[in-house]
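One-letter residues, chain by chain:
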Amino acid sequence: MLTRKQHELVCFIHDRLAETGVSPSFEEMKEALDLKSKSGVHRLISALEERAFIRRLPNRARALEILRMPERAEQRPAPKAAPQPNVARQTPIAANDVLEIPLHGRIAAGVPIEALEGQSMLSVPAALLGSGEHYALEVAGDSMVEAGILDGDYALIRRADTARDGQIVVALVDDHEATLKYFRREGAMIRLDPANRAYDPQRYSPAQVRVQGCLAGLLRRY
């Protein structure tokens, strides 16, 4: 049997998922249940998970799925959720604070180096990402410093196979080397521009260059 707060929480999560397709954040759950801290939410979530009412989705920080609802749920109304704007229904994604995206090796911000594929995941504030599928690459080199991209930063990339002139992209050169540069068309050629006066632009035929994604954000650790 669930406690009153556990019952209210599972109903609140259920209603929010039904309305928006996105699980509520811990802050929203704290306010909806009139709790004093997020630690109380953590305890309730753990209790509901142990009782198999909910589960946390793998690789999606704080994203929740309802497994079953308590009996006679209609006798205990859930906290009223704040009005939500009309949004397109979508598969539940991580809540409003943190997402985990694949981290694929290091990418050159100087001369091209081979792009490495990895199995690591990187936790990223969801506010840095928009719609679409994303991955992260660790920046190596200094050729993009004038764009504020430093050696050791994590470039957050939205997967795409096309780009507009002036966008910062991950460009795969000759199908085996990747680099982070400004993308520009120059006549019949593709020009990959650095953001450092010490480096020269790189020019390739269109057949040599494949766009792998566009820069969506940057993460820096201190």
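Coordinates for the structure precede this section.
Bear in mind that the values here come from a model prediction, so they are computed numbers and not experimental data. (Residues numbered from 1 in each chain as written. Predicted model: local features only at pLDDT ≥ 70, side-chain atom pairs only at ≥ 80, totals over all residues. Heavy atoms only, no water.)

Novice: Explanation requested: the overall build of the chain in the structure shown.
Specialist: Regarding its fold elements, the chain presents three helices and 12 strands. Contacts spanning at least 24 positions in sequence make up 62% of the contacts within the chain whose residues lie at least 6 apart. Accessible surface for the chain amounts to roughly 12300 Å². Of this, 49% is attributable to carbon and sulfur atoms. (Helix = DSSP H or I, 4+ residues; strand = E, 2+ residues; numbered from the N terminus. Contact = heavy atoms within 4.5 Å. Areas by Shrake-Rupley, 256 points an atom, 1.4 Å probe, with all protein chains shown as cover.)

Novice: What's the story with the pattern of salt bridges in this structure? I'm lost.
Specialist: Close approach of charged atoms allows side chains with opposite charge to pair. Following the criterion strictly, the structure yields 16 salt bridges and no others. Measuring nitrogen to oxygen at the nearest pair gives 3.9 Å for the salt bridge that ties R106 to D151. Here R106 is found in strand 3 (residues 98-108), whereas its partner D151 is found in the loop between strand 6 (134-140) and strand 7 (154-158), with 45 residues between them in sequence. Between E146 and R197 there is a salt bridge, with its nearest N and O atoms 3.3 Å apart. With a gap of 51 residues between them, E146 in the loop between strand 6 and strand 7 and R197 in the loop between strand 10 (189-193) and strand 11 (202-204) connect regions that are remote in the sequence. Exposure remark for E146: the relative accessible area of 47% places this residue in the partly exposed category. Judged by its relative accessible area of 74%, R197 is exposed. (Salt bridge = Lys/Arg side-chain N within 4 Å of Asp/Glu carboxyl O. Buried < 20%, exposed > 50% of the residue type's maximum accessible area, 1.4 Å probe, protein only.)

Novice: Which parts of the structure should I look at to understand the environment of S131?
Specialist: Considering the arrangement of structural elements, one finds S131 in the loop between strand 5 (120-125) and strand 6. Given the relative accessible area of 65%, S131 is considered exposed.

Novice: Sorry, what's going on with the environment of R106 here?
Specialist: The class for R106 is partly exposed, based on a relative accessible area of 33%. C-alpha of R106 to C-alpha of A136: the two residues are 30 residues apart in sequence and 9.1 Å apart in space.

Novice: How should I be thinking about the pairing of strand 7 in this particular structure?
Specialist: Where a strand is regular, its side chains alternate between the two sheet faces. Most of strand 7 sits out of view: four of its five residues are buried. Pairing analysis gives five bridges linking strand 6 to strand 7, with the strands arranged antiparallel. Bridge pairing in strand 7 places E138 opposite Y154. Note that strand 7 and strand 12 (residues 209-219) share five bridges and pair antiparallel. Looking at the pairing, Y154 lines up with L219 of strand 12. (Pairing = 2+ DSSP bridges.)

Novice: Quick question: what am I supposed to make of the packing of aromatic side chains here?
Specialist: To describe a pair of aromatic rings, you give the distance between the ring centres and the angle between the ring planes. The full count for this structure, using the stated rule, is zero aromatic pairs. One Lys or Arg, R68, reaches over the ring of F53 and ends 3.8 Å from the middle of that ring. (Phe/Tyr/Trp six-rings, centres within 6.5 Å; stacked < 30°, edge-to-face > 60°. Lys NZ or Arg CZ within 6 Å of the ring centre and 35° of its normal.)

Novice: Looking at this structure, how should I read the environment of G166?
Specialist: Secondary-structure assignment places G166 in the loop between strand 7 and strand 8 (168-173). Taking the C-alpha atoms as reference points, G166 and R184, 18 residues apart in sequence, are found 5.9 Å from one another. Residues in contact with G166, not counting those within four places in the same chain, are Y182, F183 and R184.

Novice: What should I look at first to understand the packing of helix 1 (residues 4-20) against helix 3 (residues 38-50) in this one?
Specialist: Following both chains from N to C, one finds helix 1 and helix 3 inclined at 85 degrees, their axes separated by 10 Å at the closest point. One finds that helix 1 runs roughly perpendicular with respect to helix 3. Two secondary-structure elements touch here, helix 1 through K5, Q6, L9, V10 and I13 and helix 3 through L44, I45, A47 and L48. Broken down by class, the residue content of the contact of helix 1 with helix 3 amounts to seven nonpolar, one polar and one charged. (Axes fitted to C-alpha atoms, helices over the stretch in contact; angles between N-to-C directions. Parallel < 35°, antiparallel > 145°, perpendicular 65-115°, else oblique. Nonpolar A, V, L, I, M, F, W, Y, C, P; charged D, E, K, R; others polar.)

Novice: Sorry if this is basic, but what is going on with the nonpolar core here?
Specialist: Soluble globular proteins: nonpolar side chains tend toward being buried together. In terms of nonpolar packing, the biggest core is built from 19 residues, with L9, V10, I13, M29, I45, L48 and I54 touching the most fellow members. Elements with a contribution of two residues or more to this core: helix 1, helix 2 (26-32), helix 3 and strand 2 (64-66). Ranked by residue count, the leading element in this core is helix 1, at six residues. For I45, the residues in contact, after removing those within four places along its chain, are L9, I13, F26, M29, I54, R56 and L64. (Core = buried A, V, L, I, M, F, W, Y, C linked by side-chain atoms within 4.5 Å.)

Novice: Would you explain the side chain of D153 in this entry?
Specialist: With respect to the secondary-structure elements, D153 resides in the loop between strand 6 and strand 7. At 2.7 Å, the side chain of D153 forms a polar contact with the side chain of R220. Residues contacting D153, with those up to four places away along its chain left out, are L137, E138, V139, G148, L218, L219 and R220. (Polar contact = N/O pair within 3.5 Å; in protein donor to acceptor, adjacent residues only side chain to side chain.)

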